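Overview (structure and organization)
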Amino acid sequence: MKAIEFINVSKKFSNAKYKAVDNVDLTIEEGEFITILGSSGSGKTTLLKMINRLYEPDKGSIVLFNEDIKKIDVVKLRRSIGYVIQQVGLFPHMTIANNIATVPKLLKWDKREIEKRIDELLHLVGLEPNEFKKRYPSQLSGGQQQRIGLARALAVDPKIMLLDEPFGAIDAINRMKLQDELLHIHGGLKKTFIFVTHDINEAFKLGSRVIIMDKGRICQFDTPRNIVKNPADEFVSSLISSSRNQERLWEELG
């Protein structure tokens, strides 16, 4: 089933030299793990933020599960989509349990149902509930905070998860652990994940398919293997070459 469709979508910000998103057409199937790769200013975050209507397109349509998002109440839409950002955005004055319970409480879930969901999610992201529930965000490492951000986004069991460079501020070792964790979570849940990154290794490791963007346009949208075998243009070729040059450096040092 089609989870997300972009139909001739464009977006231009005032004073910008070119469109942030330039006439994009694409279809994402339910259960895919899609990564969006590009340098700063390529339009990847704008593309992501249009899915939950943080940005509205200037033209074109975005369709979620056969429904035009313009016809969905924006609050209802955002509560139905998980959203994780690099800055995590946990409420510092609230315990970890209350952070995770934010949206279920707004939706007036039963108290016992909320408690059960908090425990389930903490286990899912690899944190022991009894150890972490009563802590505050300041008492957690950056990697642990990011896990809580992921748990909070999953709280109401959304069909779609949007992740905007969630591991960008995490050190290399923990970043790799979190990538593995995320792949494991996605495999178990079969939700549709859309993950923005500027790291080619991260994009190709996580994505079942990868969207490569440059100056608002999609250069290529394919599996990592097909992109490496058949780069669509010079920009994609240069990305792959830069990654291979990094690999050569490690080989030389080894």
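Anything mentioned here points back to the structure above.
Source: prediction; values computed, not measured. (Residues numbered from 1 in each chain as written. Predicted model: local features only at pLDDT ≥ 70, side-chain atom pairs only at ≥ 80, totals over all residues. Heavy atoms only, no water.)

Let's shift gears to the pairing of strand β1 (residues 2-11). With 7 of 10 residues buried, β1 is to be regarded as a mostly interior element. Pairing between β1 and strand β2 (residues 21-29): 6 bridges, direction antiparallel. Paired with Glu5 across the bridge in β2 is Thr27. In the sheet, β1 pairs with strand β4 (residues 59-64) via 5 bridges, with the strands oriented antiparallel. From the neighbouring strand, Ile7 faces β4, where its bridge partner is Ser61. (Buried < 20%, exposed > 50% of the residue type's maximum accessible area, 1.4 Å probe, protein only. Helix = DSSP H or I, 4+ residues; strand = E, 2+ residues; numbered from the N terminus. Pairing = 2+ DSSP bridges.)

Strand order across the open sheet formed by 6 strands is β6-β7-β8-β3-β9-β10, with mixed pairing between neighbours. Among the strands making up the open sheet, the edge pair consists of β6 (81-85) and β10 (217-222). With direction set aside, neighbouring strand axes in the sheet form an average angle of 15 degrees. For strand β3 (residues 33-37) and strand β8 (residues 192-197), the ladder comprises 5 bridges, and the chain directions are parallel. Bridge pairing in β8 links Ile36 to Val196. On the sheet, helix α8 (residues 172-189) packs against β3, β7 (160-164) and β8 and is oriented at approximately 160 degrees with respect to β8. (Axes fitted to C-alpha atoms, helices over the stretch in contact; angles between N-to-C directions. Contact = heavy atoms within 4.5 Å.)

Another point: the pattern of salt bridges. Scanning all chains against the criterion turns up 16 salt bridges. Among the ionic pairs, Asp119 bridges to Lys133, the shortest N-O distance being 3.1 Å. Taken as a pair, Asp119 in helix α5 (residues 111-124) and Lys133 in the loop between α6 (129-132) and α7 (142-153) lie far apart in primary sequence, 14 residues in all. Of the residues examined, Asp119 reaches a relative accessible area of 26% and is grouped as partly exposed. Across the pair Arg135 and Glu131 runs a salt bridge, and its minimum N-O distance is 3.2 Å. For Arg135, a relative accessible area of 24% puts it in the partly exposed group. (Salt bridge = Lys/Arg side-chain N within 4 Å of Asp/Glu carboxyl O.)

Glancing now at the packing of aromatic side chains. Any aromatic ring pair is given by two values, namely how distant the centres are and how the planes are angled relative to each other. The full count for this structure, using the stated rule, is 4 aromatic pairs. Taken together, Phe33, Phe167, Phe193 and Phe195 form an aromatic cluster joined through their ring pairs. Here Arg152 stacks its cationic end above the ring of Phe91, 5.4 Å away from the centre of that ring. Above the face of the Phe65 ring, Lys159 is positioned so that its terminal group lies 4.7 Å from the ring centre. (Phe/Tyr/Trp six-rings, centres within 6.5 Å; stacked < 30°, edge-to-face > 60°. Lys NZ or Arg CZ within 6 Å of the ring centre and 35° of its normal.)

As a further point, take the sheet that holds β2. Read across the open sheet, the 4 strands follow the order β2-β1-β4-β5; overall the sheet is antiparallel. In the strand order of this sheet, the two ends are held by β2 and β5 (67-68), each with one partner.

Locating Leu90 in the fold gives a position in the loop between β6 and α3 (96-100). C-alpha separation for the pair Leu90 and Arg152, spaced 62 residues apart in sequence, amounts to 9.0 Å. Sequence-distant contacts of Leu90, defined by excluding residues within four places in its chain, comprise Asn99, Pro137, Gln145, Ile148, Gly149 and Arg152.

Bear in mind that shape data such as this cannot, by itself, settle questions of function.
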